[in-house]
Amino acid sequence: VSTQLLYTVEEVRSAVAKARSAGRTIGCVPTMGALHAGHGALIDWSVEAGEFTVVTVFVNPIQFDRKEDYDAYAISLPADVDLCAARGAAVVFAPSVEGMYPEGFATAVEVPALAQNLCGAFRPGHFRGVATVVAKLLNIVQPQAAYFGEKDAQQLAIIRQMAADLNLPVRIVSVPTGREFDGLALSSRNRRLSEAERRIAPLLYQALDAGRRKIGNGSRDPAEVQRVVLTILEAEPAFRVEYLEVVDARRMQAVESIHEDVRIAAAAWLGSTRLIDNVLCRV
Ligand code: AMP
């Protein structure tokens, strides 16, 4: 069975209804396209669970806080469809902006309590745009399970909270971060890195990993862990650190002492590319 490329809500609804009446469970993987092996893992999880997997490919304008970033966002639908087909997805849903936000669209979904810090502090309106589009996609596809990457751990926390608070009948599944051989988190934005930047980029993960070892060796002081990570990052002048925080793994809020599972989360600029990453530290 080949992968269907569908553009409208009606088409997706009808494909999903058909699969459901054939007894299939529905899985959804929301993406902005420019798919890579990190997205591939999310698709694999759904396909391997035996689900009728709907991959959504939509560069969501309302979640971009900078127009340059939206304009520069890579679009590669044919390659995306190939990747989805190779991974066994049933449907690629690639709606138009007008299809998602017709004239008169007026609703927003927000989880303010979890969007004040980390990326939320530096990207005004970003998580409102994310929560709104994910709510729409989940309502369009109505999957039993939806898959999100831990690379975007604050986004994941916000979506979990939204799904619980709004009683969305969907299981939110998180998938560990896929990485390059040298540790760099896979990201659609990596293709914007120059060769020189690409060589420096894995330092972000290496620094976070050093922070994780500090915790592994018994440190329970977030400031001390932060210092270890920052010292490594600041040794590379090309990096401009935007934030670096030790947060609880569930809600992604800053902790005063490390007595539960935490993530060390960072955003840093390399030239004009913004990289984010985080590592889970179990205690
Ligand atoms: P994006 O297309 O970047 O908006 O990402 C779509 C989904 O793929 C989100 O749930 C991301 O967290 C997830 N994702 C992106 N990069 C990775 C990665 N390196 N590992 C795992 N999941 C990822």
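In the block above lies the structure referred to throughout.
Counting restarts for each chain: residues are numbered from 1 in the order of the written sequence. In keeping with the predicted nature of the model, local features appear solely for residues at pLDDT of at least 70, side-chain atom pairs appear and are counted solely at 80 or more, and the whole-chain, interface and lining totals rest on all residues. Excluding hydrogens and water, the side-chain figures rest on all heavy atoms present in the structure.

*Asks:* Would you mind going over the overall build of the protein chain with me for this structure?
*Replies:* The helix and strand inventory of the protein chain stands at eleven helices and nine strands. Taken against the 2.2 N^0.38 rule, which gives 19 Å for 283 residues, the C-alpha radius of gyration of the protein chain at 19 Å falls within 12% of a compact globule. Seen along its three principal axes, the alpha-carbon backbone of the protein chain occupies a region of about 55 × 40 × 40 Å. A contact between two residues is defined here by any heavy atoms of the two lying within 4.5 Å. Put simply, of all contacts in the protein chain between residues at least 6 apart along the chain, 72% involve residues at least 24 apart. Using the Shrake-Rupley algorithm and a 1.4 Å probe, accessible areas are obtained, with residue cover drawn only from the displayed protein chains. Summed over all atoms, the accessible surface of the protein chain reaches about 13,000 Å², with 51% contributed by carbon and sulfur. Separation of charge centres in the protein chain, based on 30 positive and 33 negative side chains, amounts to 3 Å. Where helices and strands are cited, they refer to DSSP runs of H or I of at least four residues and of E of at least two residues respectively, numbered from the N terminus. Throughout, the radius of gyration refers to the C-alpha atoms, and the reference size of a globule is 2.2 Å times the residue count to the power 0.38. Only four residue types enter the tally: Lys and Arg on the positive side, Asp and Glu on the negative side; His and the chain ends are excluded. A charge is said to be at NZ when it belongs to Lys, at CZ for Arg, at CG for Asp and at CD for Glu.

*Asks:* Any chance you could explain the site of the ligand here in plain terms?
*Replies:* If a single non-hydrogen atom of a residue is within 4 Å of a molecule or strand, that residue counts as near it. Residues in contact with the ligand amount to 17 residues; listed here are only the nearest, M32, G149, D152, G178 and L186. Here an oxygen atom of the ligand and a side-chain polar atom of D152 are 2.6 Å apart. Think of a polar contact as two N or O atoms within 3.5 Å of one another; within protein, one of them needs to be a possible hydrogen donor and the other a possible acceptor, and neighboring residues in sequence only count if both atoms come from side chains. Between a nitrogen atom of the ligand and a main-chain N or O atom of G178, the distance comes to 2.8 Å. Starting from 480 Å² of accessible surface for the ligand in isolation, the protein chains cover 94%. Mapped onto the shell around the ligand, the elements with two or more residues apiece are strand 2 (26–31), helix 2 (37–48) and strand 5 (145–149). In terms of residue count, the dominant contributor to the shell around the ligand is helix 2 (three residues). Three classes are used: nonpolar for Ala, Val, Leu, Ile, Met, Phe, Trp, Tyr, Cys and Pro, charged for Asp, Glu, Lys and Arg, and polar for all others, with Gly counted as polar. For the shell around the ligand, the residue count by class is seven nonpolar, eight polar and two charged.

*Asks:* Where do I start with the nonpolar core in this structure?
*Replies:* Soluble globular proteins tend to pack their nonpolar side chains together in the buried interior. Buried residues of nine kinds, namely Ala, Val, Leu, Ile, Met, Phe, Trp, Tyr and Cys, make up a nonpolar core once their side-chain atoms join them within 4.5 Å. For the exposure calls, accessible area comes from a 1.4 Å probe over protein chains only, and a residue counts as buried if that area is under 20% of its type's maximum, exposed if over 50%, partly exposed in between. In this structure, F52, V54, V134, V141, M162 and I172 are the most contacted members of the largest nonpolar core, which totals 48 residues. Examining the composition of this core, we find that ten residues originate from one element, helix 7 (residues 126–141), more than from any other. If we ignore the near neighbours within four places in the chain, the residues touching V134 are F148, I159 and M162. Y205, A207, I264 and A268 belong to the second largest nonpolar core, which has 25 residues in total.

*Asks:* Help me understand helix 8 (residues 153–165), please; the structure alone is not making it clear to me.
*Replies:* Residue pairs spaced three or four apart in an α-helix point in one direction, given the helix's 3.6 residues per turn. Working rule for helices: expected span equals 1.5 Å times residues minus one. Its 13 residues give helix 8 an end-to-end C-alpha distance of 18 Å, which sits within 8% of 18 Å, the value for a rise of 1.5 Å per residue. Those residues of helix 8 not exposed but buried are A153, Q154, Q155, L156, A157, I158, I159, M162 and A163. Directly beyond the C-terminal end of helix 8, a positive phi value near 55 degrees is found at N167.

*Asks:* Looking at this structure, how should I read the packing of aromatic side chains?
*Replies:* Two aromatic rings, taken as a pair, are described by how far apart their centres are and by the angle between their planes. Between the rings of Phe, Tyr and Trp (Trp by its six-membered ring), a pair exists once the centres lie within 6.5 Å; its type follows the angle of the planes, with under 30 degrees stacked, over 60 edge-to-face, and the other angles tilted. This structure, assessed with the given rule, holds five aromatic pairs. Ring centres of F64 and Y73 lie 5.6 Å apart, and the angle between their planes is 75 degrees; on these two criteria the pair is classed as edge-to-face. Note on accessibility: F64 and Y73 belong to one class, buried. Through a chain of ring-to-ring contacts, the aromatic side chains of F58, Y101 and F105 assemble into a single cluster.

*Asks:* Explain the sheet that holds strand 2 here, please?
*Replies:* Picture the strands of a sheet paired through backbone hydrogen bonds; they go either parallel or antiparallel. Pairing in this open sheet of six strands is parallel, and the strands run 1-4-3-2-5-6 from one edge to the other. Whereas interior strands pair on both sides, the edge strands pair on one side only; in this sheet they are strand 1 (4–6) and strand 6 (171–175). Across the sheet, the axes of successive neighbouring strands diverge by a mean angle of 25 degrees, strand direction being ignored. Pairing geometry for strand 2 and strand 5, over two bridges, is parallel. The partner of C28 across the bridge, within strand 5, is A146. Two strands are counted as paired when DSSP detects at least two bridges linking them. Every axis corresponds to a line fitted to the C-alpha atoms, with the helix fit spanning only the stretch in contact, and the corresponding angles, defined between N-to-C directions, vary from 0 to 180 degrees.

*Asks:* Help me out: how do you make sense of helix 2 in this one?
*Replies:* Between its first and last C-alpha, helix 2 extends 16 Å over twelve residues, near the 16 Å set by a 1.5 Å rise per residue. Where helix 2 is buried, its residues touch strand 2, strand 3 (52–57), helix 4 (77–87), strand 5 and strand 6. One or two steps after helix 2, the chain reaches G50, where phi turns positive at roughly 85 degrees.

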